[in-house]
Structure formats: structure tokens, C-alpha cells
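Descriptive analysis of the structure
One-letter residues, chain by chain:
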There are 2 protein chains.
Amino acid sequence: MAIQRTAPITSCAACPAGRAAGVTSGGRCPFVDRRRRRDELVCLQGEPAATVWMIKRGTVVLSRTAADGTDRPHQLRGPGSFVGLEAVVQGTYADTARATEPSVLCGISRLDLDRWLGPAGSPSRMVLEQTLRATVDEPVRPAGVDGPAVQRVARWLLDELERAPRVQRRVLAALLGMTPETLSRALARLGETGAIEHGRQRLAIVDRARLEQMVA
Amino acid sequence: MAIQRTAPITSCAACPAGRAAGVTSGGRCPFVDRRRRRDELVCLQGEPAATVWMIKRGTVVLSRTAADGTDRPHQLRGPGSFVGLEAVVQGTYADTARATEPSVLCGISRLDLDRWLGPAGSPSRMVLEQTLRATVDEPVRPAGVDGPAVQRVARWLLDELERAPRVQRRVLAALLGMTPETLSRALARLGETGAIEHGRQRLAIVDRARLEQMVA
DNA sequence: CGCCCTGTTGACAAAGGTCAACTAGCGTGG
DNA sequence: CCACGCTAGTTGACCTTTGTCAACAGGGCG
């Protein structure tokens, strides 16, 4: 499952969008490739939602500005996920999205997507729209707050590190719903046990079994 | 927006599902009404996902069993939302769902839904399925942990109380990502300021303006 | 070479979790 | 109909965890 989520989509024939567009039987996919460098912007919260993307390769971090004006990362998206899909039900982007590593996204204009999705009142579109509406209305849920910081960090490392091996500490801390200081301390403890290696730049699992003990 | 979410769906002509099924032009909706009493089960995590529901009236609380075996409520769903939609992409229910008040749900069997949604490879279905897959994979995010307990409670009361006026304290506490004790203390403080009235049974906003001050 | 940014470490304070005792409300059974 | 006992909720005392503030350090870049 975790592997599935990480696996890049390398061809249109292997891409859900490509297949739905019928590229395997001579169709043409309405999505076009766009590349993003590390930390490059994909879309900006509040801007008119002109384009919707599907991630083919890489990872994108979604963030939303909180009440105090700060921008809080709250979710990571990988290959197969859409970015900006809320365009189907509302006019502006709900989140700011940024690539965490060199990424390939397939973009489609809102209007083209609208056309491509088929008639507005169809059952599958209705279900999609209701689902999107529900998630857009739902307040942002910062992070999985469950158990002490060390465990949360360990779990994230096990589940998600390969998706985003080079996230900034401040971003990771926000994703985990803690401060950079607390994250730093948690990493230090995990390092002491020999489960991971971490320099300022590096962050790697060296003893997966030991790390798994920490989450139990 | 908050009002929208609370408004019950009183007729098939006003129901997204009914409209998609074309009841306004003589069509027949494949969903059928089912009632649930307060606290009655809708579906059980891990069971084969035989039926999918759309909420027409009332509120449903979703919960998932945590690593330690306890069952943790994590989300509230209201009219227009689906329950058990993960059936489209996986065989078992991801969450346990329970009505928090007398509710009306429209149910459809998984197979009928599959048929009703139209051809499996269509664009809108693909987008729906990818969206569902992403949310199913995503770990549960307990609650909006943002600011001190009193503020979180105040915000919830303002935004959601009308959706679920009679939730149990333990459930509400879990939704807010805190213990029942902390919730109780927060309610006590809000009561002292005169913003709300709360007995063991009752929970009501008496001074909305004052409550809004508390979240700022 | 030095500056700047990001991350790390330390000391302290405060919020919230935990454990325990207590109470209100409700259903049950005599 | 009343007493009893159960469960959910409340309140208090204490303690752990995490956030906050501040000082410091490594690495990259001008």
C-alpha cells in the first residue's frame, strides 16, 4: 500500500487519467505534463482555480493559512492524487500546493476537465461532487495526534519517509502537528536508539525493526 | 455554509441522488430510505461493504478502532454526505458509523451502486475512485488541534452544535482530540463566562457573541 | 571570510493527560 | 413506588509532555 502510493506513474498507459481517456485504444489524454522543481509552487490558496493537476511523479505538500496568518502544511500527496480538484465544486483553490521534490504533474484546465468529466448531472459526477464538497467544508485536520511525539515521528518515518525523503524539518513538524523543536528532540531520541541516522540534511532509517518497536 | 450542511433533505427532488437518478423527470431513484434511531449502528468497520448510504436527515459519527483496540470517533457527517462510499474501491467498511440522532439514510447495495455509477473506466468514475483511494489510504486525523482546549470547544460549538445537539461528551471529546475531563473543564469555563449553558444533558449557546470572542 | 537561514539544544512554564473520588440521572427489580 | 446500582459526566490533585523563549551551531552562498 505504502509502496503503491509512492510508485511513480511513468506512462500514460499506466496512468488512471490516461486510461480513462482511452490512450490504450488510440484516445488522447486531455492532461498535459508540467514539471515542478523542488519547493516550486503548484497553486496558491484563494486564487481562481484555473487548472487541476494529477500527480504522476514526486510529492506535493498542501498547506493552508491559519487564523493567525501563518501558512501551515497539513497534507502530503503522491502519485495518482489530484491537486486542486476542488475546482470542480468551487471557484478558488482551497490550499496552497508546493512540490517537495522534482515532480511531474499532469494539468488540465478547469473547463476542459468539466467537459471531460461528462454530463453535469450524471450519477458518478454527483457522487464525486458531493464527496468533494464534504471534504472542502471539513475543517483542516492538522495531523495524526495520537500518542507521544517520538511515536508519531517513528510512524511517519516508517510510512512516509520514502514519499518525501527531503522535506524540511519545519514542514515535517507541521505535518505531524508539533513544533520543530519537539521534532528535533524526537529525532535525537530515535537516533540514540540506533533506529535512524539524522544530520541536518540527512534523515534515514538504519534499523527498521527497532523503529517499528518504537511505534508499538 | 454551516447552514447548508445542516439542512435536511426532505424530498427526492431536492436530493442530489434523486436528481442524478432523474426523479424530476420520471426516473426512479435506486436508493431506498432507512431510518436509524439515536445511537443505532449504520455500518461496522471491517465488515464486507454491502451497502452504501447517503444521509438525508440527521447526523452520523464515524469512528475507527485505534492501535490499542479502543474505538475513536473522528468525524461527523451530515445531510448530503455519503457513508460507506469506500465500498467503491475496497471490499470492507473503513469506519464504524452510528447515528447521533434519529436519522434518515438512503441506502443502495454495492452492486446496484456500481451499476448506477456507469461504466467503470469513465473519467468521472476514475476521478471519484482516485479520490476515494487517497482518502482511504490517508491515516485518520483525529481532530483539529489548533489552539487551547477552550477555543477548540468554542469553535466546535459555534460551527457544529446544531448538527449534533445531543452528542455524548465522550464522543465530542474524541472528535475534538481531547479527553472527556478536559472537555468538561472547557465547558465549565465557557459556562462561567455566560456564553453557554450546560448541564449533564443540556448544552446550549446562550450568548453567541461572547462565544465568538472566545475563539478569536 | 563572514553572513544568514535552518536546525539543534537547554531551561522553564503551562496546558492537558491521568488517576481517583464523587455526583447526577436513569433504568431495573423488588 | 422506592431503593439500588450502574453509567456518564464532573471536579480535584498531580505529573508528564510539549510549547516557548533563548542561545548556539552547521552549511550554503555571496
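None of these values were measured; they are calculated from a predicted model.

Some words on the overall build of chain A
Summing up its helical and strand segments, chain A has eight helices and ten strands in all. A globule of 216 residues ought to have a C-alpha radius of gyration of about 17 Å, and chain A, at 19 Å, matches this closely. In terms of overall dimensions, chain A has C-alpha extents of about 55 × 40 × 30 Å along its principal axes. Taken over 216 residues, chain A has a buried fraction of 47%. Sequence-distant contacts, at least 24 apart, represent 68% of the contacts inside chain A between residues at least 6 apart.

Focus: the relation of the copies chain A and chain B
When chain A is brought onto chain B, the operation consists of a screw motion whose angular component is 180° and whose axial shift is 0.0 Å, with 0.1 Å RMSD remaining. Those values place the two copies in the arrangement expected of a two-fold rotation axis. Closest to the rotation axis within chain A is the C-alpha of L128(A), separated from it by 2.6 Å. Looking at chain A, 100% of its interface residues are interface residues in chain B too, so the copies touch through the same face.

Here we look at the packing of aromatic side chains
Residues and elements named next belong to chain B. Evaluation of the coordinates by the stated rule reveals four aromatic pairs over all chains. Consider the rings of F31 and W116, whose centres lie 5.5 Å apart with planes at 80°: the pair is edge-to-face. Highlighted residues: F31 in the loop between helix 2 (16-20) and strand 1 (32-36) and W116 in helix 3 (residues 110-116), separated in sequence by 85 residues. The buried category is assigned to F31, whose relative accessible area is 6%. Its relative accessible area of 17% is what places W116 among the buried residues.

A short note on helix 5 (residues 149-160) of chain B
Residues and elements named next belong to chain B. The terminal C-alpha atoms of helix 5 lie 16 Å apart, and with twelve residues this matches the ideal 16 Å at 1.5 Å per residue to within 8%. Helix 5 sits mainly inside the fold: nine of its twelve residues count as buried. For helix 5, the full list of buried residues reads A149, V150, R152, V153, A154, W156, L157, L158 and E160.

Regarding the sheet that holds strand 8 (residues 103-109) of chain B
Residues and elements named next belong to chain B. Sheet architecture is open: four strands sit in the order 1-8-3-6, paired in antiparallel fashion. The sheet terminates laterally at strand 1 and strand 6 (82-83), the two strands that pair on one side only. As paired strands, strand 3 (residues 51-57) and strand 6 are joined by two bridges and run antiparallel to one another. Within strand 6, the position partnered with M54 by the bridge is F82.

Criteria and cut-off values
Residues numbered from 1 in each chain as written. Chains lettered and ligands numbered in written order. Predicted model: local features only at pLDDT ≥ 70, side-chain atom pairs only at ≥ 80, totals over all residues. Heavy atoms only, no water. Helix = DSSP H or I, 4+ residues; strand = E, 2+ residues; numbered from the N terminus. Rg over C-alpha atoms; globule rule 2.2 N^0.38 Å. Buried < 20%, exposed > 50% of the residue type's maximum accessible area, 1.4 Å probe, protein only. Contact = heavy atoms within 4.5 Å. Least-squares fit on C-alpha atoms with pLDDT ≥ 70 in both. Phe/Tyr/Trp six-rings, centres within 6.5 Å; stacked < 30°, edge-to-face > 60°. Expected span 1.5 Å × (residues − 1). Pairing = 2+ DSSP bridges.

By themselves, these are just geometric observations and shouldn't be taken as functional.
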